[in-house]
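Fold and contact review
This is what each chain is made of:
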Number of protein chains: 2
Amino acid sequence: MSSQPAHPTLLIPGPIEFDDAVLQSMSHYSESHVGPAFVATFGETLTQLRQLFQSTDASAQPYIISGSGTLGWDLVAANLVEAGESALVLSTGYFGDAFADCLTTYGADVTKLDGPVGGRPQLPEIEKALSQKKYKILTVTHVDTSTGVLSELKDLTATVKRVSPETLVIVDGVCSVACEEIAFDEWGLDGVVTASQKAIGCPAGLSISFFSGRAMQAFEKRKTPPASYFASMKNWTPIMKNYEAKKPSYFATPSPQLVHALNTALKQILAKPLSERFARHAEVSDKVKKAVQDLGLEVVATKPEDQAHAMTAIYLPENVKIPDILPKLAGKGVVFAGGIHKAIATKYIRFGHMGVSVTDPKRKDIDHALEALKSGLSECGYQKA
Amino acid sequence: MSSQPAHPTLLIPGPIEFDDAVLQSMSHYSESHVGPAFVATFGETLTQLRQLFQSTDASAQPYIISGSGTLGWDLVAANLVEAGESALVLSTGYFGDAFADCLTTYGADVTKLDGPVGGRPQLPEIEKALSQKKYKILTVTHVDTSTGVLSELKDLTATVKRVSPETLVIVDGVCSVACEEIAFDEWGLDGVVTASQKAIGCPAGLSISFFSGRAMQAFEKRKTPPASYFASMKNWTPIMKNYEAKKPSYFATPSPQLVHALNTALKQILAKPLSERFARHAEVSDKVKKAVQDLGLEVVATKPEDQAHAMTAIYLPENVKIPDILPKLAGKGVVFAGGIHKAIATKYIRFGHMGVSVTDPKRKDIDHALEALKSGLSECGYQKA
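Residues numbered from 1 in each chain as written. Chains lettered and ligands numbered in written order. Predicted model: local features only at pLDDT ≥ 70, side-chain atom pairs only at ≥ 80, totals over all residues. Heavy atoms only, no water.

A look at the overall build of chain A
Under the convention used in this document: Going along the chain from the N terminus, every DSSP run of H or I of four or more residues is numbered as a helix, and every run of E of two or more is numbered as a strand. Radius of gyration here uses only the C-alpha atoms, and the compact-globule reference equals 2.2 Å multiplied by the residue count raised to the power 0.38. Residue-level accessible areas treat just the shown protein chains as cover; the underlying method is Shrake-Rupley with a 1.4 Å probe. In this charge count, Lys and Arg are treated as positive and Asp and Glu as negative; neither His nor the chain ends contribute. By convention, charge coordinates are those of NZ in Lys, CZ in Arg, CG in Asp, or CD in Glu.
Helix and strand content of chain A: 14 helices and 14 strands. For 385 residues, the compact-globule estimate of 2.2 N^0.38 gives 21 Å, and chain A sits close to it at 21 Å. In terms of overall dimensions, chain A has C-alpha extents of about 60 × 55 × 35 Å along its principal axes. Carbon and sulfur atoms make up 53% of the accessible area of chain A, which totals about 13,900 Å². Each charge class in chain A was averaged separately, 38 positive and 41 negative side chains, and the resulting centres sit 1 Å apart.

What follows is the structure, encoded as structure tokens:
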């Protein structure tokens, strides 16, 4: 079966379990980062991102840069906002708050709209905020990995375009790209920043992002230079354009092995219609949410329409503690994550259901995890009321 | 023999050829970045860096962050210098110039001392500069990958300590760490930033750095917050301390696979005395330089004491062009790099001799490369005068 040694199934909301072929690509022999073979692979991978984002706009720009997903925030904050310019940050948890911190670091004037724990800021209050002040950008966490709250990008973007058409709409898609629908051009998004190790299914180490022609123009119009060196669009844009045109180019050394793995992962994703992939993630997510409900437990994301399909954050029964249940699950070969939202951190666990664990029919990861959760809770003394 | 498929031998000054076990570590199955197994590996790897830098100072701080080597410059520029503070940059080529650009991006007041092409700024002029103005930091490129010029760190650091003891001495060790001697504590260095893909022998994708207790104190005394988010010591220091203490911790997701590969590479390096490793690189470098001289060619680094042991930049004969010789070499299974120093870019090639190509007695990479260079030049019509 798998060429990987037996190991606990990793079902945290990223990194996820990886396909054998993707992991094998990580061991690719060494190549020059400016040699024709790797330049062709990197160029192809950038073009694959256009397909992943369902974009045909030639003025949109993909980036693949060595770094954590977090680096994508720096890319936005250091290039698309100048010191003193305003940013409206919609927060649905830990990651929205942190994106705001990053923007503040680079001098943005940040207004943050917080959803209630397990919910999201609502369109009327967003509309009100946008009509009271001019914002250069609005940022939204598509799926906040800390809560599993899903933001509604399509209606949100339509609202921004109606109320404040000049505002750039920037999406943190770290926990959504490749499992939640993102119609970049159709919805009129201006940027999505993401990472390799979640639904894309490539090991961690790559910051992946995609910006509209409009965002690139906004960057070009800056009055001050970019506020970062490594995360500078000025430094990276010509490099990405050259690689995609299959021309060697150098600013900082990319990771050939990670790019090969990303190329393999994207080839697998793009071999089938994306709509099928999104539907399959929704189907498995529904199954998980129903099983959680059947166990008498509550999902952190309160309303069904706010629930992500990438993961489920689950409130523990009152008498079950994280240091008891997580090791029980690990003993059954299943790795879940603890909570990280400040307000409720000790009260819930997180179950990631993305990538091969969901799409590979040979894997029974999700069923095993649900069984382990049920028996683990029982062993912790929990019985459904 | 090797588990890698047949491929051209990569002898550019990084990425280098990788050991089989290191590449296999890149395919490690997925693990939680905060799970006990990976936390132990990451913690051990940070401790290995202390050994690599020959440091026993508990107040010194290692960092391993997803990113290119270039990210190390941001780490220095955004944390150890505040806007308006002065930096003295010693440049021996493309990379010294670029480090200056990075420092300028974050607001440093940069004075650059340039060596002549193929040489380095001399101690008397450095001493003069240090006595004329107070510098918060001095930066030096240990081996400039564009020229193969080696800086003399020990005497330089002694000079700084004598003339301007408060100035932090920061080394770009991207092309020197793990092949040139660096006695961090003994010489009194304050920081070394490097990357994974050169003499350390791990695929690209990790920014690796090491700072003295004194540098950490200078960071603590900042009046303004760090000027970067992803490259913020404030964000990363507690994480690195926790990992090294084998405690889970989160700021941004590290790359478990790259960290496993780094751990494997460092285990191999530290299994033997470092002095033997440095001597072996010097021995092979001497052999390469002599062969180049025997071919009637000149090395870009003019004086023997300025010549790096990691690589050799070689002036081409006048009638031999880069677009002719590099493909000839590739046809013989050897990949060298072209020039990147602005002033002489079309006139020279670069030959990297680091890591397993130098230390593994089973490999004949260097001998083959020297034979290929000789026959390749001959096929390009070159005959020694």
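Concerning the interface of chain A and chain B
What counts, and what does not: The contact definition used throughout considers only heavy atoms, calling two residues in contact when any of these lie within 4.5 Å. Here the buried area means the combined drop in accessible surface, using a 1.4 Å probe, for two parts upon being joined, counting both sides. Salt bridge, as used here: a side-chain nitrogen of Lys or Arg that lies within 4 Å of a carboxyl oxygen of Asp or Glu. Polar contacts, as counted here, are pairs of nitrogen or oxygen atoms within 3.5 Å of one another; within protein the pair requires one atom able to donate a hydrogen and one able to accept it, and residues that are adjacent in sequence qualify only if both atoms are side-chain atoms. The classification used treats Ala, Val, Leu, Ile, Met, Phe, Trp, Tyr, Cys and Pro as nonpolar, Asp, Glu, Lys and Arg as charged, and all other residues, Gly among them, as polar.
Listed per partner, the contact involves 53 residues of chain A and 53 residues of chain B. Contact between chain A and chain B buries roughly 3,800 Å² in total, counting both sides, with carbon and sulfur atoms accounting for 64%. Area buried by chain A at its contact with chain B is led by A:Tyr29, A:Ser30 and A:Tyr229, which between them contribute 18% of it. Linking chain A to chain B there are zero salt bridges. Applying the counting criterion to the chain A and chain B interface returns 15 residue pairs in polar contact (both at pLDDT 80 or more). Of all elements in the fold, only helix H1 (20–25), helix H3 (71–79), helix H4 (94–105) and helix H10 (256–270) of chain A reach the threshold of two or more residues within the side of chain A that touches chain B. Counting residues per element, the side of chain A that touches chain B draws most heavily on H4(A), at six residues. A per-class count over the side of chain A that touches chain B returns 29 nonpolar, 20 polar and four charged.

Some details on the pattern of salt bridges
With the rule as written, the count across this model stands at 34 salt bridges over all chains. Taking the shortest distance from any N to any O, the salt bridge between B:Asp114 and B:Lys112 comes out at 2.8 Å. Among the ionic contacts, a cluster of salt bridges with common partners joins A:Glu17, A:Arg363 and A:Asp365.

Considerations on the side chain of A:Thr237
Tracing the backbone shows A:Thr237 in helix H9 (residues 233–244). Ignoring anything within four residues of it in the chain, the contact list for A:Thr237 reads A:Gln61, A:Tyr63 and A:Met216.

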